[in-house]
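One-letter residues, chain by chain:
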Amino acid sequence: MNTDIKQAMHVEAGKSFGTAEANENERRWNDDKIDRKNQDPTNHYDKSRMKLNFEIGPDGKVHSLGYQEKRLEVRLPERLAELGWKPFKPDSKIQPNCCAKFIFGGNHDRTLEMAFGTQPVNLDKGADNSHLQRCSEIEQWAKEVYDWCAKRCGLENIIGFQVHLDESSPHIHALIVPVGQRAKSGLECVMWSAKFGKSRYEYGQILREMQTSLYEEVGRKYGLERGDSIDGCYVQHLHKRDYIRKLTKEARQAETAVKGLQTMIRKLEREMLAGRTQLKEIDEALASGKITLDRYDAHKEDIQKLIAECQEKLEDKSNKLHEKEHELEHLTKDAAKARSVIQPFRNHKVDFTPPQITETVPLFGTDKWIERQNRLIAKQFTEIVRKIESLYRNDAARQVEAAQRNILADYGELYQLRKDVKTLIENNDGLKSTLETMLDQLANPALRSKIFAIADALADGTSAAISSGGGGCGNSDTDLRWNGRKPDEEEDEYKRRCLMYAMYVVRNSQRKTIRR
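Residues numbered from 1 in each chain as written. Predicted model: local features only at pLDDT ≥ 70, side-chain atom pairs only at ≥ 80, totals over all residues. Heavy atoms only, no water.

*Asks:* How should the overall build of the protein chain be read in this particular structure?
*Replies:* Scanning the protein chain from terminus to terminus reveals twelve helices and eight strands. Counting across all 516 residues of the protein chain, residues that qualify as buried make up 34%. In the protein chain, 68% of the contacts between residues at least 6 apart in sequence involve partners at least 24 apart. Accessible surface, the protein chain as shown: approximately 32500 Å² in total, 52% of it carbon and sulfur. (Helix = DSSP H or I, 4+ residues; strand = E, 2+ residues; numbered from the N terminus. Buried < 20%, exposed > 50% of the residue type's maximum accessible area, 1.4 Å probe, protein only. Contact = heavy atoms within 4.5 Å. Areas by Shrake-Rupley, 256 points an atom, 1.4 Å probe, with all protein chains shown as cover.)

Below, the structure written as structure tokens:
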């Protein structure tokens, strides 16, 4: 058994949760679907072990997988609706995080032992493991992980908690809604930052604390040591290129932040140096009698106050710079590690007995005896070499296959990038046309007055519908809807949206007037 017996936990932010993901977690598949999934070399779904899968329900008890009447992709929107969740428009390129996708696991041999005890398990594809029985230890471990999740995130926010025993290593999928309280109203709402922090640095600290907490409350009871790092656990569930792109983007942002902080620090240092120079100058002015003592004291107090403020800001920026440099260093290492991950040749352990002579040398016919012994030794040696050759030949074939898949993925990504570029060009043309129309509107004094009147009315919470004839705030023949101010929307953002809406209303009324 592997002596590196550690727990594993991976958290992925979710902006949505589709039917395909729900079907996989609840195993709502037929045999044809399973066979198609297994055509991917990285997948390993054992149909004979699927009956052993289970889930923990809201009552904290073990149930068969998919026992709940409402499917997983239905239960999530219902909980989000209870919390007053209002996502962005469906066609928006940016969406907020609404759920956390957890995967819990651990050392391969240990989790198999928890699930099946000493029963022999054949992990080859297509093997028959129908003789296996689920052990109670895996159920108890799952219950305790469920209790740990409920304690941290709230029982009502655990949407799904499925345990899979039909893959290479037993593991848990948990779908959880992160919930926090609004600062002003104190009402509960969907809030990723409340559970996982506002920055990558806070996110890393929280995940490290979660690893420690999971070990102390659950893992240590089952012989699972604390995981070394959150990054990299269950990486096979993520797209490697997306992961590298994400790390690269965050590294660029961190690098920009570092440069900005360094610029601020240099500016503060210059201001402090200038303040000290001014102190020296007024000391000399006082000594030469150019200024009075009262004026000297007033100037000195102002300069010292400025220097103290700069010193305080400098310490704050220096601490932030240290954090950002630390974050940038980790991001750079993670990105380099992700790029360097290849499928290495395995260090195969081959059991064999070295060829040796066991017969006694005869008194007569020594030449023939030596010839026979050489043939036997050569045969044994060849068998050992062929065995090693076969193992490494299989590894080479595996690497070639992986390289071919990567090439296909590169072509797929290039095709997708071309589509994205085309979409961005089209969007840019549309935005350019919209901007030109807005500038034309603002250049017309009559339209400009009408736009500002509508925007002011909207900002004050007054009905601002406008007819094509330009009359006040009566019934409108525009098909544009106004939903009012959004919860927790900033004042400046709300006013900007009011102005944009007013411009759309005026433009729409103009078009209808022209048609008439």
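*Asks:* Just checking my understanding: could you explain helix 11 (residues 445-459) for this structure?
*Replies:* Counted at 1.5 Å a residue, the expected span for helix 11 with its 15 residues is 21 Å, and the 21 Å between its end C-alpha atoms agrees. Within helix 11, burial applies to Leu447, Ile451, Ile454, Ala455, Ala457 and Leu458. Angular distribution of buried residues about the axis of helix 11 spans 160 degrees; they occupy a single face of the element. Facing away from the buried surface of helix 11 by more than 90 degrees, the exposed residues are Pro445 and Ala446. Capping the start of helix 11, asparagine 444 holds a side-chain oxygen 3.0 Å from the backbone nitrogen of alanine 446, two or three residues further along. Note on helix 11: the residue one or two positions beyond its end, glycine 461, has a positive phi of about 85 degrees. (Expected span 1.5 Å × (residues − 1). Arc of directions from axis to C-beta. Polar contact = N/O pair within 3.5 Å; in protein donor to acceptor, adjacent residues only side chain to side chain.)

*Asks:* What is the right way to look at unusual backbone geometry in this model?
*Replies:* Among all residues except glycine, the phi angle is most often negative; among peptide bonds, the trans geometry is most common. Phi at arginine 27 takes a positive value of approximately 55 degrees, unusual for a residue other than glycine. Take arginine 27: it is sitting in the loop between helix 1 (19-26) and helix 2 (31-38).

*Asks:* Sorry, what's going on with the pairing of strand 4 (residues 99-106) here?
*Replies:* Regular strands show a simple pattern: their side chains alternate between the two faces of the sheet. Most of strand 4 sits inside the fold, with eight of its eight residues counted as buried. Burial along strand 4 is two-sided: Cys99, Lys101, Ile103 and Gly105 and Ala100, Phe102, Phe104 and Gly106, pointing in opposite directions, are all buried. Here eight bridges tie strand 1 (residues 7-14) to strand 4, and the two strands are oriented antiparallel to one another. Bridging from a neighbouring strand, glycine 14 pairs with cysteine 99 of strand 4. Looking at chain direction, strand 4 and strand 6 (residues 171-176) are connected through five bridges and run antiparallel. Bridge pairing in strand 6 places phenylalanine 104 opposite isoleucine 172. (Pairing = 2+ DSSP bridges.)

*Asks:* For this particular structure, what's the right way to read a positive patch on the surface?
*Replies:* On the surface, Arg266, Lys267, Arg270 and Lys313 cluster together into a patch of positive charge. For the positive patch, the element with the highest residue contribution is helix 8 (residues 240-288), accounting for three residues. (Patch = residues over 30% accessible without salt bridge, like charges linked within 9 Å, V, L, I, M, F, W, Y side chains within 5 Å. Salt bridge = Lys/Arg side-chain N within 4 Å of Asp/Glu carboxyl O. Lys, Arg positive; Asp, Glu negative; His and termini not counted. Charge placed at Lys NZ, Arg CZ, Asp CG, Glu CD.)

*Asks:* How do you make sense of the nonpolar core when you look at a structure like this?
*Replies:* General note: in soluble globular proteins, nonpolar side chains tend to be found buried as a group. Counting 38 residues, the largest nonpolar core has Phe102, Phe104, Trp141 and Phe161 as the members making the most contacts within it. In terms of residue count, helix 5 (residues 136-153) provides more of this core than any other element does, nine residues in total. With sequence-adjacent residues up to four places away left out, phenylalanine 102 is seen in contact with Met9, His10, Val11, Ile172, His173, Ala174, Ile176, Phe196 and Met210. Of all hydrophobic cores here, the second largest spans 21 residues; its members include Ala251, Ala254, Ile265 and Leu314. (Core = buried A, V, L, I, M, F, W, Y, C linked by side-chain atoms within 4.5 Å.)

*Asks:* Would you explain the sheet that holds strand 4 in this entry?
*Replies:* Adjacent strands of a sheet pair through backbone hydrogen bonds, lying either parallel or antiparallel. Strand order in this open sheet of six strands is 1-4-6-5-2-3, and the pairing throughout is antiparallel. Lying at the two open borders of the sheet, with one neighbouring strand each, are strand 1 and strand 3 (62-64). Within the sheet, the average angular offset between the axes of one strand and its neighbour, ignoring direction, is 25 degrees. Relative to strand 6, strand 5 (residues 158-164) runs antiparallel, the two being bridged by six bridges. Bridge pairing links histidine 164 to histidine 171 in strand 6. Contacts between helix 3 (residues 72-82) and the sheet are confined to strand 4, strand 5 and strand 6, with strand 5 contributing the most and set at about 155 degrees to the helix. (Axes fitted to C-alpha atoms, helices over the stretch in contact; angles between N-to-C directions.)

*Asks:* So what exactly am I meant to see when it comes to the pairing of strand 6 here?
*Replies:* Burial runs high along strand 6: six of the six residues are buried. Covered by surrounding structure in strand 6 are His171, His173 and Leu175 together with Ile172, Ala174 and Ile176, the residues of both alternating faces. Remark: six residues form the turn of the hairpin made by strand 5 and strand 6, two consecutive strands paired antiparallel.

*Asks:* What exactly am I supposed to notice about the confidence of the model for the protein chain here?
*Replies:* In low-pLDDT regions, the fine details of the predicted coordinates are not to be read closely. Within the protein chain, residue pLDDT values average 81, and 84% of them lie at 70 or more. Per-residue pLDDT stays below 50 along residues 230-238; that stretch engages in 22 contacts with residues further than four places along the chain or on separate chains. Here residues 464-480 scores under 50 on pLDDT; set against residues more than four positions off or in separate chains, the count is 34 contacts. (pLDDT = per-residue confidence, 0-100.)

*Asks:* Looking at this structure, how should I read the pattern of salt bridges?
*Replies:* Taken as a whole and assessed by the stated rule, the structure comprises 24 salt bridges. The salt bridge involving glutamate 21 is made with lysine 101; its shortest N-O contact spans 2.7 Å. Of this pair, glutamate 21 sits in helix 1 while lysine 101 sits in strand 4, and the two are 80 residues apart along the sequence. On the accessibility criterion, lysine 101 (16% relative accessible area) is buried.

*Asks:* Help me out: how do you make sense of a negative patch on the surface in this one?
*Replies:* A surface patch of like charges, here negative, comprises Asp294, Asp297, Glu301 and Asp302. Counting through the fold element by element, aspartate 294 comes out in helix 9 (residues 293-340).

*Asks:* Before we go on, may I ask you to explain the packing of helix 5 against helix 7 (residues 200-217) in this structure?
*Replies:* How two helices pack is summed up by the angle between their axes together with the distance between the axes. Running from N to C, helix 5 and helix 7 cross one another at 135 degrees; their axes reach a closest spacing of 10 Å. Of the possible angle classes, the one that applies to helix 5 and helix 7 is oblique. Considering how the two elements wind past one another, helix 5 and helix 7 form a crossing that is right-handed. Between helix 5 and helix 7, the residues in contact are Glu144, Trp148, Lys151 and Arg152 and Glu209, Met210, Ser213, Leu214 and Glu217, respectively. Here the contact of helix 5 with helix 7 is composed, by residue class, of three nonpolar, one polar and five charged. (Parallel < 35°, antiparallel > 145°, perpendicular 65-115°, else oblique. Left-handed = near helix turned anticlockwise from the far one by under 90°. Nonpolar A, V, L, I, M, F, W, Y, C, P; charged D, E, K, R; others polar.)

*Asks:* Sorry if this is basic, but what is going on with the packing of helix 4 (residues 108-116) against helix 5 here?
*Replies:* It is at 5 Å that the axes of helix 4 and helix 5 come closest, and there the two elements cross at 110 degrees. Relative to helix 5, the element helix 4 is oriented roughly perpendicular. On helix 5, the residues that touch Arg110, Thr111, Glu113, Met114 and Ala115 of helix 4 are Glu137, Ile138 and Trp141.

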